[in-house]
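Architecture and fold: a report
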Amino acid sequence: MIGAPGVRPAPYAAPGRPAKVAHVVLSLNVGGLERVVLRLLDRMARDRFAPVVCALQEPGALAEELARLGVPLVVLSRKPGLDPGLPVRLSAWLRREGIGLVHTHNPGPHLYGALAAALARAAALPGGGGPRVIHTKHGRNYPKQKRKVLVNRLAAALTDRVVAVSDDARAVALEVEHVDPAKVVTILNGVDTDVFRPGDAVAARARLGVPASGYHVGCVARLSPEKDHATLLDAFARLRAARPDAHLTLIGDGPRRPALEAQAARLGLGGAVTFTGTRGDVAELLPAFDVFALASLTEGISLTLIEAAAAGLPIVATRVGGNPEIVVDGETGMLVPPGAPETLAGALEAVAVRDDRAEMGLRGRARVMERFGLDRMARAYEDLYDEVLGR
């Protein structure tokens, strides 16, 4: 713990010398957490910090971005299930590379990374310090599953700081996992508002290959159960009854895609729904939408919601997790209960007829620029790194 007797900064964290920071992840597959890591790496001051990414499972589809950023990647292939040897292998790598700070993302990397850092500190020469640990809590991390809560609590006990990306995640850390309040800080996720900004709707719709006119509903999210696209499709079918010109575009891919495509067919939506799969040009596509919809059952703080708001879109989203921290109900969008297709459809129709629909989106963008800027996020992490390293 910071400030405890006998704890000294790692030798690689000395003033004037870039501290080696290891970001420990499962992989860099497509997802909000992974994009936050890449954006943090992109904005991190390299004269102060020398980052490296350690993937515990596989590189992932986004790993090629690391070459552009000039960030090394190491993969420590985790064995299926619990891998008791992984903390030992990871600890040896930390010592060999002279890592001063371990920054973990997701519960699995948190446990393995915190244990490995503790082993590395125990093995350090007297006065040699050893790696400190910061963990970013990107979501709620199953607060109703007692075993996972206990694992998170154990890892937090070996961690110097736990970063919550939302007030909701902070509440879970404090009230459910009982993390020492002195260790918990909040750093909101950030997006680049120069990249995600209002744009040409006609050009964006042409890029997507969707109708140039009509009321366009868009969603960017992995096609997985917790995002509850099934409820969104049910809601959209109801919306079509009132707005035959409505079109829905689902950007993303995942295990639920075949079932969702079958559901769209059963609902008779035909060409009214477009499944794009994973796209790397989301910033250019968002201006195609009149409203952004997210029907998630659970969220940490949705990066896609922040991006949509930055693009000047009004939002209809479920009142879960950190969503209310992004969407101001009635001002920048509308919040609805999860799993309620009729209410969701009603909110989408209400936004469609609002005279101030465009102003709702612009108010949302102003909120993002004030609270969710990318540089603000990066500077907050840099300051936290320096604090933990005692610099």
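Here's a quick rundown of the structure. (Residues numbered from 1 in each chain as written. Predicted model: local features only at pLDDT ≥ 70, side-chain atom pairs only at ≥ 80, totals over all residues. Heavy atoms only, no water.)

1. What to know about the pairing of strand β8 (residues 216–220)
- Most of β8 sits out of view: five of its five residues are buried.
- Judged by which residues are buried, β8 turns out to be covered on both faces: H216, G218 and V220 on one side and V217 and C219 on the other are all buried.
- In this structure, β8 lies alongside strand β9 (residues 247–251), joined through five bridges in parallel fashion. Across the sheet, V220 pairs through a bridge with I251, a residue of β9.
- Where β8 and strand β11 (residues 291–294) come together, two bridges link them in parallel fashion. Bridging across to β11, V217 finds its partner in V291. (Buried < 20%, exposed > 50% of the residue type's maximum accessible area, 1.4 Å probe, protein only. Helix = DSSP H or I, 4+ residues; strand = E, 2+ residues; numbered from the N terminus. Pairing = 2+ DSSP bridges.)

2. A look at the pairing of β9
- β9 sits mainly inside the fold: five of its five residues count as buried.
- Where burial is concerned, the two faces of β9 agree: the one with H247, T249 and I251 and the one with L248 and L250 are both buried.
- What joins β8 to β9 is helix α8 (residues 229–242), and the crossover it makes is right-handed.
- The pairing of β9 with strand β10 (residues 273–277) spans four bridges and is classified as parallel. Counted as the bridge partner of L250 is F275 from β10.
- Crossover handedness for the path β9 to helix α9 (residues 257–266) to β10: right-handed. (Right-handed = clockwise from strand over helix to strand, strands pointing away.)

3. Some remarks on the sheet that holds β10
- With respect to topology, six strands assemble into an open sheet ordered β10-β9-β8-β11-β12-β13, the strand pairing being parallel. Across the chains shown, the open sheet's two edge strands, defined by having one partner strand only, are β10 and β13 (333–336). If you compare each strand with its neighbour and ignore which way they point, the axes differ by 20° on average. (Axes fitted to C-alpha atoms, helices over the stretch in contact; angles between N-to-C directions.)

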